[in-house]
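Structural features, examined
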Amino acid sequence: MRTCDQPALGWTVVLRRQPVRILEGRPEGGYTDLFELICWDCGDHPDLDYRDVSSELQRIRGPYPIAAGVAAYDKNLKLNHERLSDSGAPADVGGGS
């Protein structure tokens, strides 16, 4: 059973096309040509607009061109996996673009 505090479908990180804006949890105004990394384990949530998350989460989110986004996705997964393996707690993945 999952609670409302857990990500749907078992995902913990996703690279998605960056919406122009999120209003009431839904993309509004189309999408940009850039991508953003949403990491549940870092404390992010896909229903939040970029402007509504902390500067630390903004740094993790990007935005990224697709190749840099894929690299950031891979790095985030590896860092979180290593940290969870070592301590059972989510990793602190600062990064930057």
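Worth saying up front: this structure is predicted, and the values here are computed from it rather than measured.

1. Describing the overall build of the chain
From N to C terminus, the chain includes two helices and two strands. Listing the helices and strands of the chain from first to last along the sequence gives β-β-α-α. The 97 residues of the chain split such that 28% are buried. In the chain, once contacts between residues fewer than 6 apart in sequence are set aside, the share between residues at least 24 apart is 49%. Per element, the accessible surface of the chain, about 6200 Å² overall, is 53% carbon and sulfur.

2. Re the confidence of the model for the chain
When pLDDT is averaged along the chain, the result is 81, and 75% of the positions lie at 70 or above. Helix H2 (residues 66–87) is the least confidently modelled element of the chain, averaging 84 in pLDDT, while helix H1 (residues 55–61) averages 95, the highest of any element.

3. Some points on the nonpolar core
With eight residues, the main nonpolar core is built from Val13, Leu37, Cys39, Val53, Leu57, Ile60, Tyr64 and Ala72. Of all the elements in the fold, those that place two or more residues in this core are strand E2 (26–39) and H1.

4. Here's the deal with the environment of Leu37
Mapped onto the fold, Leu37 is located in strand E2. For the pair formed by Leu37 and Leu15, sequence separation is 22 residues and the distance between their alpha carbons is 4.6 Å.

5. As for unusual backbone geometry
In this structure, the amide linkage connecting Gly62 to the following residue, Pro63, adopts the cis form with an omega of 15°. Take Pro63: it is sitting in the loop between H1 and H2. Positive phi, close to 55°, is recorded for Glu24, a residue that is not glycine. Structurally, Glu24 is set in the loop between strand E1 (13–23) and E2.

About the thresholds
- Residues numbered from 1 in each chain as written.
- Predicted model: local features only at pLDDT ≥ 70, side-chain atom pairs only at ≥ 80, totals over all residues.
- Heavy atoms only, no water.
- Helix = DSSP H or I, 4+ residues; strand = E, 2+ residues; numbered from the N terminus.
- Buried < 20%, exposed > 50% of the residue type's maximum accessible area, 1.4 Å probe, protein only.
- Contact = heavy atoms within 4.5 Å.
- Areas by Shrake-Rupley, 256 points an atom, 1.4 Å probe, with all protein chains shown as cover.
- pLDDT = per-residue confidence, 0-100.
- Core = buried A, V, L, I, M, F, W, Y, C linked by side-chain atoms within 4.5 Å.

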